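# Chains, contacts and geometry: an overview
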Amino acid sequence: MERTYSFTQTVICGLIATFMMSMLSFLSSGIGLPVIDVGYMLKEIFNHIHEQDPYNMLWGNAAYYIGGVLLALIYVVFLDNKLPGNWLVQGIIYGVVISIVAAVIISPAISMAGGESFGIFYIDTWFPVLNILAGLIMHLSYGITLLLCLEYSDRFRT
């Protein structure tokens, strides 16, 4: 049976998954992984590009959460009912895919926009393996939370 989700369900699940990803990123510092604060990085990039009009954390986090909602919409529109397995397997697959895309395309692109270079798979950072692991944990938490939330919202939809 094909599942369908409303726009509102998808947006709410994307916001919840993004929040979970943020919290896990901050908590992962407790096990020695670097904190990847995407909202802060986006704010710094905005300020690098627009030095005369400084942005605050609200704008960086707004952009971050909009990105999380867009990832949820991408999943629902293009990948839902196409990935194998149950919600957990699908969440793991989506989290791994997002992590690879982030490490190969997104992170190098936004780091260059901010005047730095992280390199592909964070090769130009001090500890690339720790950054890869931190990013993977973040994105796995996003994928699993998103699919759990979508599964839960689908079961109790009226």
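The structure this text deals with has already been given above.
Here's what I pulled together on the structure shown here. (Residues numbered from 1 in each chain as written. Predicted model: local features only at pLDDT ≥ 70, side-chain atom pairs only at ≥ 80, totals over all residues. Heavy atoms only, no water.)

## Considering the overall build of the protein chain
Scanning the protein chain from terminus to terminus reveals five helices and zero strands. Along the chain direction, N to C, the helices and strands of the protein chain fall in the order α-α-α-α-α. Its C-alpha atoms give the protein chain principal-axis dimensions of about 50 × 35 × 30 Å. Considering the protein chain as a whole, with its 158 residues, one finds that 38% of them fall into the buried category. When contacts within the protein chain are restricted to residue pairs at least 6 apart in sequence, long-range pairs at least 24 apart make up 67% of them. Carbon and sulfur atoms provide 73% of the accessible area of the protein chain, an area that totals close to 9,100 Å². Counting 5 positive and 10 negative side-chain charges, the protein chain places the averaged centre of each group 16 Å from the other. (Helix = DSSP H or I, 4+ residues; strand = E, 2+ residues; numbered from the N terminus. Buried < 20%, exposed > 50% of the residue type's maximum accessible area, 1.4 Å probe, protein only. Contact = heavy atoms within 4.5 Å. Areas by Shrake-Rupley, 256 points an atom, 1.4 Å probe, with all protein chains shown as cover. Lys, Arg positive; Asp, Glu negative; His and termini not counted. Charge placed at Lys NZ, Arg CZ, Asp CG, Glu CD.)

## Details of the environment of Gly14
Within the element layout of this structure, Gly14 appears in helix α1 (residues 7-27). The class of Gly14 is buried, set by a relative accessible area of 0%. When the C-alpha atoms of Gly14 and Ala72 are compared, they prove to be 5.0 Å apart, with 58 residues separating the residues in sequence.

## Examining helix α2 (residues 38-49)
Each α-helix winds once per 3.6 residues, and so residues spaced three or four apart point in a common direction. Along its 12 residues, α2 runs 16 Å from first to last C-alpha, staying within 8% of the 16 Å computed at 1.5 Å per residue. When we look at burial in α2, the residues that qualify are Val38, Gly39, Leu42, Lys43, Ile45 and Asn47. (Expected span 1.5 Å × (residues − 1).)

## Focus: the packing of aromatic side chains
Within this structure, the stated rule accounts for three aromatic pairs. Relative to Tyr65, the ring of Tyr64 lies with its centre 5.6 Å away and its plane at 75°, an arrangement referred to as edge-to-face. For Tyr64, a relative accessible area of 9% puts it in the buried group. Relative accessible area serves as the criterion here: at 21%, Tyr65 is assigned to the partly exposed category. (Phe/Tyr/Trp six-rings, centres within 6.5 Å; stacked < 30°, edge-to-face > 60°.)

## A word on the environment of Arg3
Note on placement: Arg3 falls in the segment before α1. Arg3 sits 148 residues away from Glu151 along the chain, and the two C-alpha atoms are 9.1 Å apart.

## Things to note about the layout of surface pockets
Counted as a void, the largest pocket has a volume near 760 Å³. Lining the largest pocket are 30 residues, and of these Val38, Ala102, Ile106, Ile110 and His139 lie nearest its centre. Put simply, the parts of the chain that give the lining of the largest pocket at least two residues each are α2, α3 (57-79), α4 (87-113) and α5 (128-155). It is α4 that contributes the most residues to the lining of the largest pocket, nine residues altogether. Residues of the lining of the largest pocket, tallied by class, amount to 22 nonpolar, six polar and two charged. (1 Å grid on protein atoms, 1.4 Å probe; cavity = no way out; pocket = protein on both sides within 12 Å on 5 of 7 lines; lining within 4 Å. Points joined across faces, edges and corners; volume = space filled by probe spheres on them. Nonpolar A, V, L, I, M, F, W, Y, C, P; charged D, E, K, R; others polar.)

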